[in-house]
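Overview (structure and organization)
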Amino acid sequence: MPTTEPVSVALDCAYFDAGRCRSCTLLPTPYERQLADQQARIEAMLPPMAWDAPHASAVGGFRNKAKMAVAGTVDAPTIGILAADGTGIDLQACPLHERPIVAAMPLLEQLVREARLTPYDVPSRRGELKHLILTASPDGELALRLVLRSSEAVPRIRKHLPLLAALPLASVSVNLQPEHKAVLEGDEELLLAGDGVLRMRVNDVPLRLRPRSFFQTNTAVAAALYRQATAWIDEADPASVLDLYCGVGGFALHAARPGRRVAGVEVTAEAIDAARESALELGADATFTVGDAGSVDLEGAGAPELVVVNPPRRGIGELAERLEASAVRRVVYSSCNPVTLARDLQAMPSLVPLRGRVFDMFPHTGHAEVLVELVRG
């Protein structure tokens, strides 16, 4: 029987209701329906396996990072996103962001105005300030990055940093991106305040983020993802674990145990430095190396019993064939793109999917994080 009771949307958002922002395409859909549809879609894409119930997210206040485009004028800046014509749409009170981020936005707007940081105008290719990037830790600390076209405004930013004294800032930096292209940041980073490290305490593991570090945008769901992967790893109880695309060491440091050899590989040097510092603080038996995850040796006496992979959206590519040909017994694959995950699983027929779980890292969108355990048949 059809119901006549009203169905509530997932989250009240004045920006969506006014037609100003449609980034959350599934916002009108009840959250339980979002989860059910997502689970069904992903199960249909992947080989048969046992599935745990999907891990839900809070429907709002979950994003730990705000990547805000700055537009408008010095006296009337917009901090949010860009419309198709390059004009700014102000989203300072976006309900997706964690509370400390939303609370900081008025002071960031004041900094733009008083430091005379001319917003970058995409159509004319003029101006200086392109983006404000703000990240929040579980302890409420913030890391701020200002993406500028040049260093011209840096002295003014330094002068006006006291405007932000009320904010719990662990780090302030400037990234220089002189080119006009769809790349968020450039190669040069200038530290203006703090030590450049945002401490992310996740499941009592003290991870460290530097300005260029990658971290999941949903801290609570990321913590659940690490707990699930660790539970699967501990159940298998391998003597050795290799974490590829390890970033700041999240999976490896969670999996570290006395008597278990744990290693991580990541191409970004500053992420490896952060992972080493966290391992030292924990007293964990874990080593981290800068390198290409796709070319790691998976053969010989030092080959790991279990490999964790957490690649970017493009997947693991040729590494799938190398894992297939190796003696690795188990793989725990964390994917943010079920399409490339499905392709990679096809390239590893000897590694049979045992179980999986969906983690809703990105509510109100079609994106999903999927964790799959593979066992050699």
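Notes on the structure follow. (Residues numbered from 1 in each chain as written. Predicted model: local features only at pLDDT ≥ 70, side-chain atom pairs only at ≥ 80, totals over all residues. Heavy atoms only, no water.)

Let's talk about the sheet that holds strand β1 (residues 50-51)
Read across the sheet, eight strands follow the order β1-β16-β17-β15-β14-β11-β12-β13 without closing on themselves; strand pairing throughout is mixed. The strands lining the two open edges of the sheet, one partner per strand, are β1 and β13 (286-290). The pairing of strand β16 (residues 351-359) with strand β17 (residues 369-376) spans eight bridges and is antiparallel. When the bridges of β17 are listed, Gly356 appears paired with Val372. Contacts between helix α7 (residues 269-282) and the sheet are confined to β12 (261-266) and β13, with β13 contributing the most and set at about 170° to the helix. (Pairing = 2+ DSSP bridges. Helix = DSSP H or I, 4+ residues; strand = E, 2+ residues; numbered from the N terminus. Contact = heavy atoms within 4.5 Å. Axes fitted to C-alpha atoms, helices over the stretch in contact; angles between N-to-C directions.)

Points about unusual backbone geometry
Even without being glycine, Arg116 reaches a positive phi, approximately 55°. Here Arg116 shows up in the loop between α3 (99-114) and β5 (129-136). Residue Arg116 is classed as partly exposed on the basis of its relative accessible area of 39%. Its identity is not glycine, yet Asn203 carries a phi of approximately 55°, on the positive side. (Buried < 20%, exposed > 50% of the residue type's maximum accessible area, 1.4 Å probe, protein only.)

Observations regarding the pattern of salt bridges
Counting across every chain of the model gives 20 salt bridges. Note that Glu152 and Arg156 form a salt bridge whose closest N and O atoms lie 2.6 Å from each other. You can call Glu152 partly exposed: its relative accessible area is 43%. Of the residues examined, Arg156 reaches a relative accessible area of 25% and is grouped as partly exposed. Ionic pairing is found between Glu277 and Arg208, a salt bridge with its closest N-O pair at 3.6 Å. One end of the pair, Glu277, is in helix α7; the other, Arg208, is in strand β10 (residues 205-209), with 69 residues separating them in the sequence. Residue classification places Arg208 among the buried positions, given a relative accessible area of 11%. (Salt bridge = Lys/Arg side-chain N within 4 Å of Asp/Glu carboxyl O.)

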